[in-house]
Every structure is written in structure tokens, then in C-alpha cells.
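Here is what each chain is made of, one letter per residue.
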Amino acid sequence: MKDIFKIFTIFTPKQQRYCGVIVFCMVIGAMLEAVGIGAILPLISIMGDEGFLDKHIVVKQYAEILNITTHTSFIIFSSALLIILYVLKNLYMAWLTKLQINFSTQNQIVYAEGLLEGYISKPYLYHLDQNSATLLRNVSSGPILIFTGILIPTFTLLTEAITAVTIWSMLILVDAFTAIIVAGLLGAMMYAILKTFRKKIAKRGEVQNKYSALYMKWLNQGLGAIKETKVLRKEKYFLDEFVGAYQKYGQANGDFNFINQLPRMFIETMVTSTLLILIIVKLMMGIQPMEIVPILGVLALAAFRLMPCANRIVNLSNGIKFQMPLFNLLYDELIAIKERKLQYEAKTCEEKEQLGFNKEIKVEKLTFRYPQGKKEVLKQISFSIPKGCFVGIVGQSGAGKTTFVDIMLGLLNPSNGKILVDSVDIFENIRAWQANLSYVPQSIYLIDGSIRENIALGIPEQEIDDDKIDKVLKMAELYEFVEELPEKSYTYVGERGVKLSGGQRQRIGIARALYYEPEVLILDEATSALDNETEKSITHTILKLKGQITIIAIAHRVSTLEECDFKIKFNEGQVERI
Ligand SMILES: Nc1ncnc2c1ncn2[C@@H]1O[C@H](COP(=O)(O)OP(=O)(O)OP(=O)(O)O)[C@@H](O)[C@H]1O
């Protein structure tokens, strides 16, 4: 039962009040439902009683005002009233459903944004430990499942429960004995069904949750490495892994759907049999069949209205249980979103603040160890880089060069030591330091957009400065190539830049880095995957920037760093200036 209300704990007090309004409207809706059913009984009595108007003088007086004098016209009038009641009730129910769906959809969007915002702003170390398929599943499917799979069913479940209680209360007035028997029977059945299937459903929920991330992972990997997959002829391997996970996911869903169909059949059989047995008992007690008929009308209606109610309550509870594993998994993150909303915390900030850099970068006794790492990757390293210098970072594979660069970039926090820029520790305000940086990795990530969108990454299309695009295209020696393209800088590069050569991709990376007019340009093996000629030509491009900005470049090839001012050699966590 506590599962049902857990969903409301992720909401702010304002949202909870809104939920309260929805629940209040639902109570009215449930009452309208009950009145709709209850109103059938007087109509049946009126139909069966020719002298009804004569027996009810007050009703007769009001009817005469409306010019209703005969029994037939009174039946027609009462039927018309009932039609209006049903139309109004269902219009109200449609409005209420829309209210619930709007609330759910709006929050689905807010929480999807919140989840992505949370993941994007998480430290780089967090992402090193996560598989992107899990995060993809959480952001893309999480809010949908939580809001359409838990919140809407919770609202519906509450409506059904309120409707059931109201109908049942009316049933008590008509025939208390039958009402108690029906409630006892339905209650016992619901309890038994929920208890029997609770664990099975929770287990299926966990399985579908686990394998939805896994099949997504294999999908990503199979399609992400399409070139290697095809060349190595490993299509079947990826397909088998994907199908293996998808089968388990599908099986869990199928099992749940089957289990969730059983209560309807069970409840229907039990309720119909009980109702018929009740009639037999009443007949055996000597009650005349004609006396049973009017009561039976309401009873059958109520039972057949209560039965789907009970059935839906069971189905909805099971559905909620099935979706709970993902909700529980995301619970802390959803609470964090609520807290962020409460604190009106600034969105992933794009601060204007920039750390001043006029003299030097000083690395002081910098030490780093990865959380799961056994030894220190950097051991108290110290050196300084004067502004405007071109510094080469060299050393064997695994020596800690990328780790150092990641610290410089503000992606990793040192275990000890400092990096001072004009005597200010960059970790005091890493965003302000990052405002000075541009970075070119070994493999540039290109979005499936135009060249200009890729260069001015993160800037809305309409705000891209085309003069600046031309300028950096020239600096990266890409201008002529782009000018020859049919759509120039508006040409699409394809997913991850598949329509470009490796050298062109790296040049776009350099143009991107330069678009932001950095004070410090960091290159992590930016040219090492290229052939000698392209590498030389890109190095030549970079060298043109020497003296204008500070360049820190990791490179394995000696030729890349021939013209640098000095080199820092990394060796087993220690450094030496050469
Ligand atoms: N996420 C991580 N968790 C634990 N250890 C890591 C992690 N990333 C890197 N390491 C370890 O840190 C050490 C330094 O790695 P780093 O990538 O900085 O070396 P590198 O000098 O850049 O190597 P290369 O030239 O091959 O890129 C290596 O021993 C590596 O195994």
C-alpha cells in the first residue's frame, strides 16, 4: 500500500496541493458515478408503478408546472433527466481525466529534463563508472513509466476505490446483507490475488528493468561499432546478445500481462456465481421472484459496476508494483529534482565569470588516485607554464598524461595539491577557469548537424556568428574545403561526422576550439590518429597560434612537438621538464 503513495513524495508541496485538488475532483466524480447508478432504481420503480404521481403529491405538483400529467410523459421526462445526468457526468469525467493527464505529462517533461540536467552536471568520475545505456534508459523511459505507469494509475486507482466505496454505501441502503457479502467476497478475493501475485510481479518488474538497460546497451554497441561489426563479421554476435536481453525483457512483460489478465476472469466467475447463488438462497427463503426483481436490478448493476472496479483496482495495483523497480532506482534522483525545484537552483550554469590569466599556470604538488585505483597516477608533481607558451606533454602510455589534462580541464579533482593560475586555485571556481579553455581530444565528437553547428557547438543556430565561423575555418585550414561543398558550412556531417575524413574531423575540432577564443588550448593526442602529412599540416595550423594563446599538447610523435617551448615528461606519476 505504501508503494501507492510513494509517488507523491517526489512532488513539491505546491504539486502535492495540486494532486489534492485532483483527488477532491475525483471524489466528486465518484459520487456522480454512484448517483448515475443509483438513479436507475427510482426509474425502475416509476416504470412499474402506474399510480406513482398520485402517491407523491409534491412530485405531481412540480410535474404539473412542467406540463407533465401522464405516467408515460413522466417516465419520458425522468429518462431525459437521467440522460442529461449521464452526459454531464461523463463530460465532467472527461475534464477530470484531462486534468490528470496534463499534470502527468507536464511533470514527465520536467522530470526528464531534471534527470538529464542531473546527469550532465554530475562529476566526470561518475560518468566513467556508468554505462550510457543505463542513463539513456533512465532519461528516455523513466519519466514515461513513472508518470504514465505509476502516477496516472495511482489517480485511477484512487478514483476506483472511492467509486467502489460510494457504490457499496448505496448498496448497504438497498440491501445491507447482500452488500456485506459482496464486499467481503470481493475484498477477500482482491486481497488473495494481490498477495499471491505481489512477489511474482515485483520480480518481473526487476527483470524488465534490468534487461531494458541491457538490450539498450547491446543496441548501442552493435550500431555504435557498425564498421568493426561488419568488417569482423560479428553481426550475429551483437544480434544474439541483443536478442538474449530483449527476450528476457519481453518475457517479463509478457508474464506480467498474463498474470494481470487472470484476476478479471477469477473475479467475474466468483461474483456471477455468488450473485446467482444469492438469488437461489432468497428464493429458497420463500421470497417471491417478483419481489426480488427491482432489488436485483440495482444489485446486479452495482455488482457488475463493483466487479470491474475491483478488477481495475487489482490490475492497477499490479501495474504500479511492476513499474516500482525503476521508480525505486530513480527515487533519490527524483527527490533531488524536487529539492532543486524548491531551491530554485540555477540551471546548468553558463556563467559569464572568467578567471583572469595573465602570468602563469603553476602546478603544485599535484597528486591523483582514481577511486578504484590501487596506486597514485600522479605523485606530487610540480611545474609551471608561463602564459603564451607551447608546452608538450610526453611520456609512455599509462604515465598519467590524460589524467593530468583531465584535472587541468576541471573534469577530475586532485586528491591533493593545487593548480594555481596567477596565484588563484582553479578548483575554487572551476567554471570560471573553464571559461579560459578549449579542448581538442584524439577523437572529436561530432553531432549529426551542419558544419557550423558543430563548430559553434552548444550555441543556438540563430545565434551563430558566421564571420567568426569563416575566421576559424580559415585558421583551421578548412575554409577552401567548406566553400566547395554544395551547402558550404550548412552541410551536414552525418552521425559522428561519418561524411568527413579523419583529418577534416580533427580540423573541425580545432575550429570548434578556436571559435570560443580560448586563452588556453589543450590538445590530447589531437593528431596522433592521422597520417604524417595531415598531422604535419594540422601541427603547422596549431603553430600559427603559438604566442597568441597558451597551448598544452599531449603527443606521442616527436615531430608534433618539435617547435614547442619546452616539454614535460611524465613517468610513473613523476614529471621532469625537458
Ligand atoms: N577511470 C579510471 N579508473 C581507474 N584507473 C584509471 C582510469 N583511467 C585511467 N586509469 C589508469 O590511470 C593510469 C594513467 O592513465 P592515463 O590515461 O592518464 O595515461 P596516459 O599517459 O594518458 O596514457 P596514453 O598515452 O596511453 O593515453 C593508467 O594506469 C590507467 O590504467
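Look up: the structure comes first, before these words.
Just so you know, the residues in each chain are numbered from 1, in the order the chain's sequence is written. For a predicted model such as this one, the threshold for reporting local features is a pLDDT of at least 70, and the threshold for listing and counting side-chain atom pairs is 80 or more; totals across whole chains, interfaces and linings nevertheless cover every residue. The side-chain quantities take in all heavy atoms of the structure and omit both hydrogens and water.

**What to know about the nonpolar core**
Stated formally: Each nonpolar core is a collection of buried residues, namely Ala, Val, Leu, Ile, Met, Phe, Trp, Tyr and Cys, held together in the definition by side-chain atoms within 4.5 Å. Three labels apply to residues, based on accessible area from a 1.4 Å probe with only protein chains included: buried if under 20% of the type maximum, exposed if over 50%, partly exposed otherwise in between. Only DSSP runs of H or I reaching four residues or more are called helices, and only runs of E reaching two or more are called strands; each is numbered from the N terminus.
Counting residues in each nonpolar core, the largest one holds 37 residues, and the members touching the most others are Val 440, Ile 451, Ile 455, Leu 521, Leu 523 and Ile 551. Contributions of two or more residues to this core are made by strand E3 (390-395), helix H16 (451-455), helix H17 (466-475), helix H19 (502-515), strand E7 (520-524), helix H20 (532-543) and strand E8 (550-554). Take this core: its biggest share by element is six residues, from H19.

**Some remarks on a nonpolar patch on the surface**
To be explicit about the condition: Patches draw on residues past 30% relative accessible area with no salt bridge. Two like charges within 9 Å are joined, as are two nonpolar side chains (Val, Leu, Ile, Met, Phe, Trp, Tyr) within 5 Å. Only the protein chains shown count as covering a residue, and every accessible area follows the Shrake-Rupley method with a 1.4 Å probe. One speaks of a salt bridge when a side-chain nitrogen belonging to Lys or Arg is within 4 Å of a carboxyl oxygen belonging to Asp or Glu.
Together, Leu 81, Ile 83, Ile 84, Val 87, Leu 88 and Leu 91 make up an exposed nonpolar region whose accessible area comes to about 590 Å². Take Ile 83: it is sitting in helix H6 (residues 71-120). On the accessibility criterion, Ile 83 (55% relative accessible area) is exposed.

**Section: the site of the ligand**
Filter applied, for reference: The rule for a residue being near a molecule or strand is that one of its heavy atoms must lie within 4 Å of it. Throughout this description, a polar contact denotes any pair of N or O atoms lying within 3.5 Å of each other; where both atoms belong to protein, one of them has to be capable of donating a hydrogen while the other can accept it, and for residues adjacent in sequence the pair is counted only when both atoms sit in side chains. Charged residues are taken to be Asp, Glu, Lys and Arg, nonpolar residues to be Ala, Val, Leu, Ile, Met, Phe, Trp, Tyr, Cys and Pro, and polar residues to be all remaining types, Gly included.
Surrounding the ligand, one finds 13 residues, the nearest of these being Ser 397, Gly 398, Lys 401, Thr 402 and Thr 403. Residue Tyr 370 places a side-chain N or O atom 3.5 Å away from a nitrogen atom belonging to the ligand. Within the complex, 61% of the 640 Å² of free accessible area of the ligand lies under protein. Here the element with the most residues in the shell around the ligand is helix H14 (residues 401-408); it accounts for three residues. Tallied by class, the residues present in the shell around the ligand amount to four nonpolar, seven polar and two charged.

**Points about the environment of Ile 120**
Here Ile 120 is to be found in helix H6. Of the residues examined, Ile 120 reaches a relative accessible area of 55% and is grouped as exposed. A sequence separation of 58 residues divides Ile 120 from Tyr 62, and the C-alpha atoms of the two residues are 69 Å apart.

**Quick notes on the packing of aromatic side chains**
Worth spelling out the cut-off: Two aromatic rings, drawn from Phe, Tyr or Trp (for Trp, its six-membered ring), form a pair once their centres lie within 6.5 Å of each other, and the interplanar angle then sorts them: stacked below 30 degrees, edge-to-face above 60, tilted otherwise. Each ring is checked for a lysine NZ or an arginine CZ that lies within 6 Å of its centre and within 35 degrees of its normal; such an atom marks a charge sitting over the ring.
One pass over the full model with this rule turns up 25 aromatic pairs. Ring geometry for Tyr 515 versus Tyr 516: centroids 5.6 Å apart, planes at 75°, classification edge-to-face. Given a relative accessible area of 3%, Tyr 515 falls into the buried group. Over the ring of Tyr 331 we find Lys 6, and its NZ or CZ is 4.6 Å from the ring centre.

**Remarks on the sheet that holds strand E4 (residues 416-421)**
Applicable threshold: Any two strands between which DSSP finds at least two bridges are classified as paired. Contacts: residue pairs with any heavy atoms within 4.5 Å of one another. The axes used here are C-alpha line fits, helices contributing only the stretch in contact, and every angle between their N-to-C directions lies in the interval 0 to 180 degrees.
Taken in spatial order, the four strands make up an open sheet running E2-E1-E4-E5, and their pairing is antiparallel. Two strands close off the open sheet at either side, each with one partner strand: strand E2 (378-386) and strand E5 (424-425). Its contacts with the sheet place H14 against strand E1 (360-368), E2 and E4, and it is angled at close to 120° to E1.

Any link to function would need more than the numbers given here.
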